[in-house]
Amino acid sequence: MSQEEVEVDLKLVDQVVERIPDNTWPVVIKSVVANIVDEMPSEVVLRLTGTADDFDKAEEIVLNYYQDPDRRANLIIDAFKLLGVENTIYILDSLQLDKQSDFIATHPYETDED
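What you are looking at is a predicted structure, and each value in this text was computed from that prediction instead of being measured.

**A closer look at the environment of Val-17**
Turning to step 1, where the next piece is worked out: Mapped onto the secondary structure, Val-17 falls in helix 1 (residues 10-19).
Turning to step 2, where the next piece is worked out: For the pair Val-17 and Ile-76, spaced 59 residues apart in sequence, the C-alpha separation works out to 7.5 Å.
Turning to step 3, where the next piece is worked out: Leaving out residues up to four positions away in the same chain, Val-17 has contacts with Trp-25, Arg-72, Ala-73 and Ile-76.

And the structure:
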């Protein structure tokens, strides 16, 4: 089955998106995109960047794409398709978003959002 044919449980996507604190999305996007780009075939990197091995530029392009808050659900859908549901949930769980949210709320200028 190709990635386009992978069925995604949209209710699960909505549940995941709802559980991610708003102030942690920059961390989520950065982490999930890094994992997606790590799994990218060189052909995809070539189409994105013009070279088959410029993963840093590919990551920058994909990060920019998902910065739009309207694409949050799309990020989770794409991660489910490309990384698998279990891997995506594991990545999100490893971020300890509840702790991140508390820290960001009390230290808003000390976060790493680049």
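Let us keep going from here.
**Focus: the pattern of salt bridges**
Turning to step 1, where the next piece is worked out: This structure, assessed with the given rule, holds 1 salt bridge.
Turning to step 2, where the next piece is worked out: One salt bridge connects Asp-22 with Arg-72, and the closest N-O pair in it is separated by 3.2 Å. Linking Asp-22 in the loop between helix 1 and helix 2 (25-38) with Arg-72 in helix 5 (residues 72-83), this pair joins segments that are 50 residues apart in sequence.

**Focus: the nonpolar core**
Generally speaking, soluble globular proteins have nonpolar side chains that are buried together.
Turning to step 1, where the next piece is worked out: Counting 28 residues, the largest nonpolar core has Ile-20, Val-28, Val-32, Val-33, Leu-75, Ile-76 and Leu-92 as the members making the most contacts within it.
Turning to step 2, where the next piece is worked out: Elements supplying a minimum of two residues to this core: helix 1, helix 2, helix 4 (55-66), helix 5 and helix 6 (85-94).
Turning to step 3, where the next piece is worked out: Considering each element in turn, this core owes the most residues, 8 residues, to helix 2.

About the cut-offs
Residues numbered from 1 in each chain as written. Predicted model: local features only at pLDDT ≥ 70, side-chain atom pairs only at ≥ 80, totals over all residues. Heavy atoms only, no water. Helix = DSSP H or I, 4+ residues; strand = E, 2+ residues; numbered from the N terminus. Contact = heavy atoms within 4.5 Å. Salt bridge = Lys/Arg side-chain N within 4 Å of Asp/Glu carboxyl O. Core = buried A, V, L, I, M, F, W, Y, C linked by side-chain atoms within 4.5 Å. Buried < 20%, exposed > 50% of the residue type's maximum accessible area, 1.4 Å probe, protein only.

Limitation: the analysis is restricted to geometry and does not speak to function.
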